[in-house]
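As a plain string of letters, each chain reads:
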Amino acid sequence: MRILLIDDEVELVSTLAERLSFRGIEADWATSGREALEKVAEASYDIAVVDIKMPRIGGIELKRMMAEKYPHMKFIFMTGHGSEEDFRTGSEEAGAAYYLVKPVDIEELMKKLNEVLKR
Amino acid sequence: MDGKWDIIGNEGFEFMGKMNASISHEVKNVLAIINENAGLLEDFTLMAEKGMAIDPERLKGLAGKIQLQVRRADRIIRNMNTFAHSVDETRSKVDLGEVVAFMAALSDRLASMKGIALEVTPPSRPIMITTSPFLVENIIWRCLDFAMAVAGPGKTVVLTADKDDRGARITFSRLEALSHASSPTQFPLDVENALAESLGGQIVVNEGAGEIVLGLPEAVD
């Protein structure tokens, strides 16, 4: 399984990627929508874990851009808010089961990664 | 049209909500980073229990990163506290330079989400005015929000506070796009006019200079 973590907080995605690598998952990270688009153009990813609220290209827009170009990719959304609006948008885009509220529980993320891959 | 104080009251709630949502989002990010660093420490502990060698420098680095985030959270919470206390008094003496710097700090995340950088030109000396601290913060936000919409992603909005004949003024500059046909228009609206009137001030949009100037009296009536 190869995944791409996308969040504008570099320390969050880099640490999360390292922790996932200890669990046998190959994880890359990007800190902006633009960087994420460059990465998916260079390598193939099974799943992108995307923060909903990011500068410039937001998570929802980014998901749509990536899904259009790479239809095999699956998505999990992260959000800091857990607000009704974020939940509604995230659920519509990825399904209610594939939406995580920060701080992220790594075991919960692992579970969702495995579930979404089987979907 | 609603009365002036109805407009100001509704806007005040919206402003308070917007700032609190932004602050809570930033705090959540800090907590998420601390959570991952603590999780990484836990992972290292489990590895050490299985006999793997862990570099003490990595542990020291992680502790340092957690401390850094705690300091970041402390800054955010201090700003939140200052913001919350700005409603304590309807009139008080404030340093407008400090208020502008504070509002830029409070709005920094919202600006960053729009891909905009904020730059504050610090005044050479304190600019003391007697005013309503909360309403001043609110009108600065309204002007800044409009300025950011005009500037667009990738641009910098400069905020400068200085003294003038009537009292003081805040200039929002580098808004060259003000003169573009595609630029947002209709400013100031009822909300900004109501806030400006209650503060005894006025807003002037200078398209040619690419500036919005908010004038405020030395003391509000």
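In case you missed it, the structure is sitting above this.
Residues numbered from 1 in each chain as written. Chains lettered and ligands numbered in written order. Predicted model: local features only at pLDDT ≥ 70, side-chain atom pairs only at ≥ 80, totals over all residues.

### Describing the pairing of strand E1 (residues 2-6) of chain A
Okay, so step 1: Of all 5 residues making up E1 of chain A, 4 are buried, and the element is well covered by its neighbours.
Okay, so step 2: In this fold, E1 of chain A hands off to helix H1 (residues 10-22) of chain A, which returns the chain to strand E2 (residues 26-30) of chain A; that crossover is right-handed. (Buried ≥ 20, exposed ≤ 12 C-beta atoms within 10 Å, placed from the backbone. Helix = DSSP H or I, 4+ residues; strand = E, 2+ residues; numbered from the N terminus. Right-handed = clockwise from strand over helix to strand, strands pointing away.)

### What to know about the interface of chain A and chain B
Okay, so step 1: Taken residue by residue, the interface counts 17 residues in chain A and 17 residues in chain B.
Okay, so step 2: At 7 residues, the largest contribution of residues to the side of chain A that touches chain B is made by H1 of chain A.
Okay, so step 3: Grouping the constituent residues of the side of chain A that touches chain B by class yields 7 nonpolar, 3 polar and 7 charged. (Contact = placed C-beta atoms within 7 Å. Nonpolar A, V, L, I, M, F, W, Y, C, P; charged D, E, K, R; others polar.)

### Some words on the sheet that holds strand E5 (residues 167-173) of chain B
Residue and element names in this part refer to chain B.
Okay, so step 1: Here we have 5 strands laid out as an open sheet, ordered E2-E4-E5-E7-E6, and mixed in their pairing. For this open sheet the edge positions go to strand E2 (117-121) and strand E6 (202-206), each flanked by a neighbour on one side alone. Here the strands of the sheet are splayed against their neighbours by 20° on average, with no regard to which way each runs.
Okay, so step 2: When E5 meets strand E7 (residues 211-217), the two strands line up antiparallel, connected through 6 bridges. Within E7, the position partnered with Ile170 by the bridge is Leu214.
Okay, so step 3: This element, helix H4 (residues 133-151), spans strand E4 (156-164), E5, E6 and E7 of the sheet and lies at about 170° to E7. (Pairing = 2+ DSSP bridges. Axes fitted to C-alpha atoms, helices over the stretch in contact; angles between N-to-C directions.)

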